[in-house]
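# Observations on chain architecture
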Amino acid sequence: AMLSRRLAALATTTLHLTSTTTLGGSSALSLRAIGVSAFAASPSLATSQSRSAVPATAASRAMSSSTSCSSSSTSPLEVVQFPCLDDNYGYLLHDATTCQTAAVDTPCAATIEQELTKRGWKLTHILNTHHHYDHTGGNLDLKKGTNSDVTVVGPANEQDKIPGIDVAVDDGDAVPFGSGSGAKVMDVGGHTLGHVAYYFPEAQKVFCGDALFALGCGRMFEGTPGQFWKSLRSLRDLPGQTSVYCAHEYTASNAKFALSVEPGNEELVARAKEIMEMRERGEPTVPSTIGEERRTNPFVRVDISEEIRKNVGVTSDDADDDAFAKVSMVPVMNFITRLAGNSPTSLQNPVRKFASASQPIHFEHKKCLKMKTC
């Protein structure tokens, strides 16, 4: 009876719509409901709400699609992974029941279009994790012509930087996709201020962009150590069997760094050996799992491993986000040391100087010219 009342309440909840001007003059639709997320977790509820409250726009049509579709895949959510640019990965998500297909970020429109054509799929959604060009550069090209009804979903805190955005989402929102409950939006800011991840609990998959890497994490271009540490902890808390689909093939270099700060971790040593062998064979090391990252990734282990804390100069006075700041600054300080031609010195003082939990660390994000040609 309680469940019935809750469903009835959800079905009759009033939605508040706001329109925000975004990059290129487009308008982003922010959906906010009283007592529920921006989208109902149930596809049927989401469809009824969007049809009653939202005009028949491209965004609402794509999000409420329920066309039957056939596929050779037995999985409710099929994931296709392919290399883009120099070291990016592109992802297509396909639901065989509804025919819906989503691209997670758009590093290269031409490559994504080739993968779609190869499989006979039509793009219906773009799920952007953050605003950097190697994640949004293909948005507008993929919305041209017959794909003008593609729905671009992106972080609300970066919507003015997401080309062609239709729907802006925040932490805790649910994005309806396919025949299941869709994706839960997670705030994973730190690499950029508004960075989000898309977690599919039924499929046990998370698409986390540049927030969490296999054996690493993204550089702190805009956020603070405290913000980034909170984001990584939220990802670490996902079920251990969750597959982690990150956006770059950085694992070999990440493994070398991880070994430098936690050489006594036997599972890390074994994993690093396997990673090097995979890369020698030209195989991708992504996806990993949340369980693997918990046990071997130094950036999510700074509150667990005494060996890491000792090797990066964490003191008893340091909070966990201070410890994260220190381990994050080690690669930066090593790079600065190499540029200066000096021998490595104690990291404690420069790390304390350049990284504190209350002071953001800014880096210049340079666009690779090759991105324009994929």
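For the structure, see preceding data.
Let us look at the structure shown here. (Residues numbered from 1 in each chain as written. Predicted model: local features only at pLDDT ≥ 70, side-chain atom pairs only at ≥ 80, totals over all residues. Heavy atoms only, no water.)

## Observations regarding the overall build of the protein
Where we set the bar: The secondary structure listing takes helices from DSSP runs of H or I that are at least 4 residues long and strands from runs of E that are at least 2 residues long, numbered from the N terminus. Only protein chains enter the accessibility calculation, which uses a 1.4 Å probe; a residue whose area is less than 20% of its type maximum is buried, one above 50% is exposed, and one in between is partly exposed. In this description, contact between two residues means that some pair of their heavy atoms is separated by no more than 4.5 Å.
Counting its regular elements, the protein contains 13 helices and 16 strands. Taken across its 374 residues, the protein has 52% of its residues classed as buried. Of all intrachain contacts in the protein linking residues separated by at least 6 positions in sequence, the fraction that spans at least 24 positions is 64%.

## Observations concerning the nonpolar core
To keep things clear, this is the line we draw: Buried residues of nine kinds, namely Ala, Val, Leu, Ile, Met, Phe, Trp, Tyr and Cys, make up a nonpolar core once their side-chain atoms join them within 4.5 Å.
Core analysis: the largest hydrophobic core is formed by 51 residues, its most contacted members being Tyr 198, Phe 200, Leu 232, Leu 235 and Phe 324. The element contributing the most residues to this core is strand β11 (residues 196-200), with five residues. When near neighbours in sequence (up to four residues on either side) are disregarded, Leu 232 contacts Ala 211, Leu 212, Cys 217, Phe 299, Val 300 and Phe 324. By size, the runner-up hydrophobic cluster in this structure holds 19 residues, among which are Val 80, Leu 92, Val 150 and Ile 165.

## What to know about the environment of Arg 271
Its place among the elements puts Arg 271 in helix α9 (residues 266-280). Relative accessible area serves as the criterion here: at 10%, Arg 271 is assigned to the buried category. Spatially, the C-alpha atoms of Arg 271 and Leu 215 are 9.7 Å apart, while their sequence positions differ by 56 residues.

## Let's talk about the pairing of strand β15 (residues 243-246)
Counted only if it meets this: For two strands to pair, DSSP has to find at least two bridges joining them.
Burial along β15 is two-sided: Ser 243 and Tyr 245 facing one way and Val 244 and Cys 246 facing the other are all buried. Across four bridges, the pairing between strand β12 (residues 205-209) and β15 is parallel. Each bridged residue has a counterpart across the sheet, and for Val 206 the counterpart in β15 is Val 244. Where β15 and strand β16 (residues 288-289) come together, two bridges link them in antiparallel fashion. Across the sheet, Ser 243 pairs through a bridge with Thr 289, a residue of β16.

## A few points about α9
What counts here: By definition here, a helix of n residues has an expected span of 1.5 Å times n minus one. What the arc covers is the set of directions going from the helix axis to the C-beta atoms. Think of a polar contact as two N or O atoms within 3.5 Å of one another; within protein, one of them needs to be a possible hydrogen donor and the other a possible acceptor, and neighboring residues in sequence only count if both atoms come from side chains.
Here α9 is 15 residues long and its end C-alpha atoms lie 22 Å apart, about the 21 Å a rise of 1.5 Å per residue gives. For α9, every residue scored as buried is listed here: Leu 268, Arg 271, Ala 272, Ile 275 and Met 278. Looking straight down α9, one finds its buried side chains confined to an arc of 125 degrees; they lie on one side. Facing away from the buried surface of α9 by more than 90 degrees, the exposed residues are Glu 266, Lys 273 and Glu 280. Where α9 is buried, its residues meet α8 (251-261), β16 and α10 (290-296). The N-capping residue of α9, defined by a side-chain oxygen 3.1 Å from the backbone nitrogen of Glu 267, is Asn 265.

## Brief notes about the pattern of salt bridges
Oppositely charged side chains are able to pair whenever their charged atoms sit close together. Definition in use: What counts as a salt bridge is simple: a side-chain nitrogen of Lys or Arg found within 4 Å of a carboxyl oxygen of Asp or Glu.
For the structure on display, the rule yields 14 salt bridges. The salt bridge involving Arg 281 is made with Glu 283; its shortest N-O contact spans 2.9 Å. Given the relative accessible area of 52%, Arg 281 is considered exposed. One continuous salt-bridge network, built from bridges that share partners, spans Glu 115, Lys 118 and Arg 119.

## Focus on the sheet that holds β15
Formally: Note on method: axes are straight lines fitted to C-alpha atoms, helices fitted across the in-contact stretch only, with angles between N-to-C directions ranging 0 to 180 degrees.
Taken in spatial order, the six strands make up an open sheet running β9-β10-β11-β12-β15-β16, and their pairing is mixed. Each edge of the sheet is formed by a strand with only one pairing partner; in this case those strands are β9 (174-175) and β16. Each of β10 (183-187), β11 and β12 is contacted by helix α7 (residues 225-236), which is oriented at about 150 degrees to β10, the strand it contacts most.

## With respect to the pairing of strand β4 (residues 88-94)
Moving residue by residue along a regular strand, the side chains alternate between the two faces of the sheet. The buried fraction of β4 is high, at seven of seven residues. Burial of the side chains of β4 extends over both faces: Asn 88, Gly 90, Leu 92 and His 94 are buried on one face and Tyr 89, Tyr 91 and Leu 93 on the other. Joining the antiparallel neighbours strand β3 (residues 78-84) and β4 is a turn of three residues, in which Leu 85 adopts a positive phi near 55 degrees. Across four bridges, the pairing between β4 and strand β5 (residues 101-104) is antiparallel.

## With respect to the environment of Leu 235
On the secondary structure map, Leu 235 appears in helix α7. Overall, the relative accessible area of 0% leaves Leu 235 in the buried class. A sequence separation of 38 residues divides Leu 235 from Ala 197, and the C-alpha atoms of the two residues are 8.9 Å apart. Excluding residues within four positions of it along the chain, Leu 235 makes contact with Met 186, Val 188, Ala 197, Val 206, Cys 208, Ala 211, Leu 212 and Ile 290.

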